[in-house]
Amino acid sequence: MSEVVYEDTATMIAAGELQSFVPFGREHCRNHPNAFNLQLRELQPASELWASDGAAGLVGSLREVSLQEREREWWQLRKGCTAVKEGDVELEEELYAAGNVVVWSKGSRTQGSSVYKAFTVDSAVQQALWCDFAVPKNTDEEEIEHTVCIVQSTCVNVHTVTGKDFISPLPFQVSNVWATKFGLLLERKNANDISPGEALPTVFSMLHPLDEIAPVVCKPSGVFEGSCVQYVSDSTMNIVFTCCQPSIVVSYDTIQGIHSVWALRKVTNDERFTVLRCPTESAGTPLNLISSGILTSHLRHISRLDSPGGSGATGHGPGIGASCAVGSPLHYSALHSHQSRIMTSSPAAHSRVHSPSISNMAALSRAHSPGMAAPSFSGVARFNTSFHSPSPRGHRGLLSSPNSSVNETILVPEMEPIIPDLCMEKLWSETVTAGRHREMSSQASKVFLTSDLCENRYLCFLVESHQQLRCVKLMESYDMTQLIFATVTTISAKDAQPLQNIDAMLVLEACGSLVLYTGITRVSKVFVPGLLSPPFSLINHFPHRSTPVEHVSTPTNAGSRHIQRRDEDVMPSPVSESSGPNMKHHEASFLEDYTFQQATPYIHALRDPVCNRVTLELSSSTMLRISIPEIATSELVRKCLQAIRFILSKEAAMKVLVKWYNIYNAPGGPSAHAEWNLFVTCFMTLMGYNTERLAWMRHLHFEVPLSPVIAAKKARPSDRGSDEDWDYLLASQYHQQMNSQLVRSSPEPSGTNNMVTTGNEGLSSLSSPSSPTLKLDVSAPLFPHIPALFYVLHLLYQDLQLDELQRARASSLVCLLQQLARDLQLEEYVDLYWRDYPSLISCFTESCIIDEAMIGQMQRPSFLRSEPPCVFSWLSSCLRGKENPPFPYLPGICQRTRLLVLSYALYIIGDHNATSTDVSKYIVKVSSGHRLSIGELHFKRKSIVKVRFTNESLAEQLVDWLTSQGFTLKDLESVPFGVALPIREAIYRCREQPCSDWSEEVCLLIGRQDLTKQAHKMTVAKSKASVGSGLSLEPPATTEADEEEDGMSDIIQEVTGLIWSQDLRVQEVRRLLQSSRPVRVSVVQLPEVSDHEYIEEKENKLLQLCQRTMALPVGRGLFTLFSYHPVPTEPLPVPKLNLTGRAPPRNTMVDLNSGNIDVPPNMTSWPSFHNGVAAGLKIAPASQVDSAWIAYNKPKSPELANEYAGFLMALGLNGHLTKLATLNIHDYLTKGHEMTSIGLLLGVSSAKLGTMDMSITRLLSIHIPALLPPTSTELDVPHNVQVAAVIGIGLVYQGTGHRHNAEVLLSEIGRPPGPEMEYCTDRESYSLAAGLALGMVCLGHGSNLIGMTDLNVPEQLYQYMVGGHRRAQVGASRERHKSPSYQIKEGDTINVDVTCPGATLALAMIYLKTNNRSIADWLKPPDTWFLLDFIKPEFLLLRTLARCIIMWDEILPNTEWVKSNIPQIMRGNFDTSEDINMEAMAQAQDYITAGACMALGLRFAGSANSDAFDCLYEFAETFMKIISFAGTATVGAQTGYYNLHTSLSMILLAMSMVMSGTGNLKVLQLCRFLHKRTGAEMNYGFHMAHHMALGLLFLGGGRYTLSTSNSAIAALLCALYPHFPAHSTDNRYHLQALRHLAVLAAEPRLLVPVDVDSLKPCYALLEVTYKETKWYDETTVELMAPTMLPELHLLKRVKVKGPRYWELSVDLSKETQHLKSILSRGGVLYVKLRAGQLPYKDDPHGWKSLLATTVNHRNSRVRAFKPEAISTFTSEPALISFAEFFCKTSEGMKHRKDTLVLFSAMLYECVTQECPEMLPTYIAIEQAVGALRHRELLQTFPLWQLRLVVDFWNSRMLRPPGNHHDTLLTSEFLPVMKNAVDVALDNWLKDNNSVLRSYVRGEVLSKDAQSVMLACFLVYRSIPCLKKSHTQLEGCSSFGDVLSCSSQLDIPLRDVLRLVPVLLGSASGPETLPGFPLEALSS
């Protein structure tokens, strides 16, 4: 493929923006504190220096010596990655390294640089680079980490942008580090002491700073070598360049002198396997030598020995270079290709023969005896071992250190091999030319990728010693998977740099001149003001020769050619073979000859290209930064160039672009506004026009001379706003029109024009087209392509029409187009342009003659039709439902056309596949001459978006598709109003009923900020798992100190204030639960009581009150649950537990420690534990808590240890304890503090709920003797800790049905007391814990316990429950229980009192919700008095509870059901004669009732079910009454106070479970009543129960409620076990810590609507639909949010209801995840007020809303609407300002009263119809109609839009009447406007039908204003171009003929009727047509 290189020797462009350049880092380092340290180090003597730094210091100091005094500095620049919101600021980032400092700075043209990060490291920086690491995320996606890597001699420091730091030690010395797409590549330094016989891997990869460094494997290219994958172990291969996109590596072989290109990719599994596998060859046979050819290996052997480095290797025998054990064909190829070199005797002849890709690594990896693993490189040692080749003694591939002999290395430990990560696959290498000697080649000093203006890409490498730049063309294969390398071109160059964003490169030629190339095409020289380049001074002395001189092409040379330019080199080109090494000398002498040269510095090198800027290094060692101008600044020119490039062949396009670039950027070239004029001139000239002769073109050049003058380029105007605005005005359409009117107003066209023209001669007659001067030059380069170019520019013009922002430019383009259309004799096109710009086009009349003979030379493309494509008429006929041919477009250029045409096809035509499979039906690509451009391929890939086609409506599909194409609201604003209407309607429909799971972009497009914000929250949350609740609802900042310390100040008032807006119940709860202030002790001193007794009395009273205070924290923990986000730098505030009192009236202090009364010991230890839990439970699960913070909270004083223990448990309950390091856990447990162990074990187990985590299991087993082997040492574990550990096992194995644990726990329920006092106290709590744990392990499994049938779990539990003989202990624990206890005589029966509770609850949990009747019947209360006497009444409560929750579905929320649980014998009438124990009966009855109520509470937990609540409340009241009567002997005696209170407490807890989180007042009143009872009968446990009930009632401050999942029920059974402690140290029946497990049942179900505009919580109406169940049908209820949602699995859908807020529905039948994630993040649901509505808070009944006022009197509604009132109806600032400025009467607006009314009406319409974005459309329609009425229109564009609006409206109005509700234009506004247009046009037609008639006949039009109105008429009435068809219509004699003709011409009927009078020639005007009054037509 031959590449043409053109050059314009004369041309020259000017570089702009000169600045002197100093790296910013250098400046910064001067002030950097580190400089001081460096000075200090310089003062130290060298010996100390070494001592301080070890080896690194030695290396460092040596390096410092070698640099002449000056510190080695280095920097690189790149384009900034961060884009600023306001607009992309072009940032430059600099990475500067010097000494041990690395400075990363950023700066742009407008702002100075500033330090972004600076790093100081310990030793000298060897290298610093940017690198992106890919961190794999959970699924396939990867997260990119942007980092800076700083390489030191021993390690690499990696600093990420996000602030993580890593230090990776280097196991070997590194010579170079390269950044790649996957991570870092490290090149190992070749150590000289390793003898050449060993081949170690030389290139390693590090994919992440935490990953191990792994060797890279390579795969040579070629046919044979496919199998031979080996490590890269070739020390002669140097990497010279790496690149991420495409992922390639360029290397250089120092011996062969060849550059190669490799593709870098991840290793495939096969390749991994190949490199790592070890073949099982016997060690003795020299198989490998035979297989790979003895000759080859011998040759290599010889060449090695003779090479200078090889002499030491003689001792190893013949196999020294052993090759691949699998014979690699590469050796044969190596032999053939290099034979010639081996025979010669040049120095290089004895160098290594084989190609760079062969390594001995593969040989080694196969050469092991089978017992040895492949060599591995772990640790430093792994990298420095050398591998010997097979020696004659048969030890194959033993590892040895470089200086040990073979014998020492026989015993090498096995090491596992390192698995390689990356593979380099060879793509291409240079060909070695026969003529080129070895000295000729040398390593490239620079390699870069560049592309030219036509999207060809080149890989260029600069070989500095030859002053050559070799450019290899690279292409991607069609499927984008492979790179193909094509021809090599050589450019002579001293230096070169790519300029990325202008597709060019800057080349410094040998003579010192700068030349700009695009790809390999020379564009022009670059002139840098102030620098003289040598050729300038010599320009006259040397002849110019513009033909490239090439070498004779020999077969070896065909691939690469050298191009030289003699005219620029004073000497013959340095490339020619002859000059060779003398080059440098010549150059020097050349410069010395010209002494004036010394004064001006010359350019010495180029560096640091960023975008279009580059740094010049001058000979005077200063640096200059210059920028190379872009190809075009005007958008229009840029687009035209794109279109030209698209349609022409690459060669032709290149010519045009280079030509344009030179003209545009000539020094002293045009200012911005003249760019278009310049372009037109250049373009027309290239097509063969004589631009001087075309009248309209002569006015284009205002003042700019075109001859490129070599002078400094004029600086561009500054941004002060002077020149550019003037230029803009000059370029504006208005100016052009005025200009054209001047042309028109010239006296007579035949005379000379009165404007001064740039041509010498006056205007030749404008109107005489026959003038011979206007001929086209046929030889012009673009002449043959005129039709194609015309067509693409026409399509570009159509595309510009679709963008309001670009439309002004379309009018400039139309001048060019009309000229081409005239000359190509395309009448219809000219007509189309005339219709678009009638006033403009009628000024142009000239056309140029193209000879008939020459027309044949033009390539008329097939796609150029005579009928012009017009996008507006296409859309219009689409709206009218007509068939359309596909519309042509240019891929990548006319994107707007494609987007809108397909949108119409999808939404208007209704083709679901319009955007996927049927694209070709609607649009057709214009095919260009050359292969698909990159842009289009990219585009192909992008458009295969997964669009969800279900039964989505068209509107949803359209919005979805537009978003996928990157269409935003901003884009929509620039679409003309008529075209945009259907899209707006689709958006309007989607806005009414959106899906809750749409992406953020879609929600943005449809204008639902509420949904956008929600979607944004979700995406943020996905990316960062540790976000806070995300709500802007901050808890109030309280000021008073006493407020702070009660620990409840974090409840969010905004939300609670909305939920309970009528009263202060939250403050009341805070008051009741507050335990940090002294209590009031009011005891009246009776006269007979002495002072001392009085003090004792007060203290006793205080002791009673303290029972209550100590119980409060348990409730407080539930109340403040998850309400606080701790600050990581501060410890958690824990409120004190205050046990003092104040006695009125003097407020004297009352203290328990005065010694007057006996206070139980350790009374406060458990309460302070609870206090710690309560404080810890405030921390929300989403907070950021780490191990260090947990340890940081550890208190100093030992008194607070219990609190800290509670804090640890709480952290487990909210899931943060998983972050605590194992080491810390171990630390805490070894302290042996009982409380800490309990808290920690329960916490860790809760955090690992149901995970079967092994490490936690080990932790727990140590504390449970039964889980330890029988022979293990007896550990002295406190009893309570054992209980906690047993529960822990239950939690960790919850629901798993783990057999071993179940077996152990089953036997532990009946664990007998041991001999020595062990297991004798508090046995009940242990047995209960074992039962609960067993229940949890088998939770809900029922009879499906897999593999446990032999354990007979239910039978064994039944026995534990009712008693019987003890079974023999089996298994491991048999030894332990051999001898009976010395303390307790138990006998051989089961002690039911101990085992019954645990067994009962275990049964309940195993069979939970299974409705298993047979098990439930075991639990029935006995139905005879005799049996009843055998059961403790308390156990009846448990049995009833267990039975009810097994028969879950039978629980009904009514009193009958509760009473049905009481056995028949108790309900009947008693026969007094029987000896009935009334007391037992009453107790049994109470306990059974309490058990049933408890079950009812669990069944309806968190549901706020009113029936359940009423039922429970009734029982509670009954019990309250009984208690109040308890004073009377009978009742009190029969049941006992304790039993009544227990039952009441259980019922209270059941009630608060049902109402949990709702803060129900009745329950609150009950709790408050019981709170005040502090008599002696109210013990610690009852207080705990009452306050737990209070906590549950306000769970989490009203944000949480209870779940009824199995796991939640289990947690509640543990926490609410019906036996409460009698005093604060009582753990006999139930461990107090378990009370907090209730937290595990809490789930967030509060939905808080937040107004998206104000970000404040608000009220909103929700509609919640329940799924149908067997108890009720599908039901819908309305709730006023913020509210608790029912459990999600019961719901079908949740919907925000109108009319106040935009509707939003979340469908739960599909998936609940979306709603769950909303609830878990504080339940924030963003809602948006509809315009005209007020929030419920301000307007509870909706009477104040805008709509309410005008419902009654419709007609007066506009008058009723006062613009002043707008602010109450909408928060949109745009609408408010509009009302302010356009709808109020002001001084200047008085005469435009009607306009004001109209604007007010529009505003009203937009607000009430909820479409404020329609306001601009309404205004645009009104303006268009107004301009038409006043005949002020200069172009017909507004009428096109009106016509589209009317077409769209008609298409919608034809629908059945039911469907109008979702159309946008329902108002009366449109018919009025439509009528106005009709009237205006009809009036014009009445007066001017002659004009229309002359148009129809095809006569030349006059240039007056009539032509504008005519064009308007034709456009609006959709009358096609009649030039071709006038014969048809003219010939019509009757109305029927007209109708038939018009139907062929596709003219709508209503428009035909307008034409009839004109066509049928009635002179007296339209009215005379019989029977057709005009008024009838205006409909």
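Above: the structure in question.
Residues numbered from 1 in each chain as written. Predicted model: local features only at pLDDT ≥ 70, side-chain atom pairs only at ≥ 80, totals over all residues. Heavy atoms only, no water.

(A) Representation of the overall build of the chain. Check the secondary structure of the chain and you find 73 helices and 48 strands. Per-residue burial over the chain gives 56% buried out of 1979 residues. For the chain, long-range pairs separated by at least 24 residues make up 70% of all intrachain contacts whose partners lie at least 6 apart in sequence. Per element, the accessible surface of the chain, about 84100 Å² overall, is 55% carbon and sulfur. (Helix = DSSP H or I, 4+ residues; strand = E, 2+ residues; numbered from the N terminus. Buried < 20%, exposed > 50% of the residue type's maximum accessible area, 1.4 Å probe, protein only. Contact = heavy atoms within 4.5 Å. Areas by Shrake-Rupley, 256 points an atom, 1.4 Å probe, with all protein chains shown as cover.)

(B) Main features of the packing of helix H64 (residues 1773-1782) against helix H65 (residues 1793-1809). For the pair H64 and H65, interaxial distance at closest approach is 10 Å and the crossing angle is 165 degrees. Between H64 and H65, the angle is such that the two are roughly antiparallel. Viewed along their axes, H64 and H65 form a crossing whose handedness is left-handed. Only Leu 1796, Phe 1799, Leu 1803 and Val 1807 of H65 make contact with H64, whose side of the interface consists of Leu 1775, Phe 1778, Ala 1779 and Phe 1782. Among the residues making up the contact of H64 with H65, the classes are represented as eight nonpolar, no polar and no charged. (Axes fitted to C-alpha atoms, helices over the stretch in contact; angles between N-to-C directions. Parallel < 35°, antiparallel > 145°, perpendicular 65-115°, else oblique. Left-handed = near helix turned anticlockwise from the far one by under 90°. Nonpolar A, V, L, I, M, F, W, Y, C, P; charged D, E, K, R; others polar.)

(C) Spotlight on the packing of helix H50 (residues 1433-1446) against helix H53 (residues 1478-1499). Contact geometry for H50 and H53: axes closest at 7 Å, N-to-C directions at 30 degrees. As for how H50 packs across H53, the hand of that crossing is right-handed. Each of Pro 1433, Glu 1434, Leu 1436, Leu 1437, Thr 1440, Leu 1441, Cys 1444 and Ile 1445 in H50 lies in contact with H53, whose residues at this interface are Gln 1483, Ala 1484, Tyr 1487, Ile 1488, Ala 1490, Gly 1491, Ala 1492, Met 1494, Ala 1495 and Leu 1498. Its residues placed into classes, the contact of H50 with H53 shows 14 nonpolar, three polar and one charged.

(D) Main features of helix H54 (residues 1506-1525). In this model, H54 (20 residues) spans 29 Å end to end at C-alpha, consistent with the 28 Å of a helix rising 1.5 Å per residue. Regarding H54, the residues found buried are Ala 1508, Phe 1509, Cys 1511, Leu 1512, Tyr 1513, Phe 1515, Ala 1516, Phe 1519, Met 1520 and Ile 1523. Buried residues belonging to H54 abut helix H51 (1455-1459), H53, helix H56 (1537-1554) and helix H57 (1561-1572). With a side-chain oxygen lying 2.9 Å from the backbone nitrogen of Asp 1507, the N-terminal cap of H54 falls on Asn 1505. (Expected span 1.5 Å × (residues − 1). Polar contact = N/O pair within 3.5 Å; in protein donor to acceptor, adjacent residues only side chain to side chain.)

(E) Looking closely at a nonpolar patch on the surface. Together, Phe 1426, Leu 1427 and Phe 1430 make up an exposed nonpolar region whose accessible area comes to about 380 Å². Relative to the assigned elements, Phe 1426 resides in helix H49 (residues 1425-1428). What makes Phe 1426 exposed here is its relative accessible area of 61%. (Patch = residues over 30% accessible without salt bridge, like charges linked within 9 Å, V, L, I, M, F, W, Y side chains within 5 Å. Salt bridge = Lys/Arg side-chain N within 4 Å of Asp/Glu carboxyl O.)

(F) Broad picture of a negative patch on the surface. A surface patch of negative charge is lined by Glu 1456, Asp 1507, Asp 1510, Glu 1514 and Glu 1517. At four residues, H54 tops the list of elements feeding residues into the negative patch. By relative accessible area, Asp 1510 is classed as partly exposed at 44%. (Lys, Arg positive; Asp, Glu negative; His and termini not counted. Charge placed at Lys NZ, Arg CZ, Asp CG, Glu CD.)

(G) Region of interest: the packing of aromatic side chains. In the structure shown here, the tally under the stated rule is 33 aromatic pairs. Measuring from ring centre to ring centre gives 5.5 Å for Phe 679 and Phe 683, while their planes differ by 10 degrees; the resulting arrangement is stacked. Of this pair, Phe 679 and Phe 683 both sit in helix H15 (residues 675-687), separated by four residues, roughly a single helical turn. Here the two residues Phe 679 and Phe 683 agree in accessibility, since each one is buried. One cation-aromatic arrangement involves Lys 1562 over Tyr 1513; the distance from NZ or CZ to the ring centre is 5.0 Å. In this structure, Arg 1635 is placed above the aromatic ring of Phe 1620, and the distance from its NZ or CZ to the ring centre is 3.9 Å. (Phe/Tyr/Trp six-rings, centres within 6.5 Å; stacked < 30°, edge-to-face > 60°. Lys NZ or Arg CZ within 6 Å of the ring centre and 35° of its normal.)

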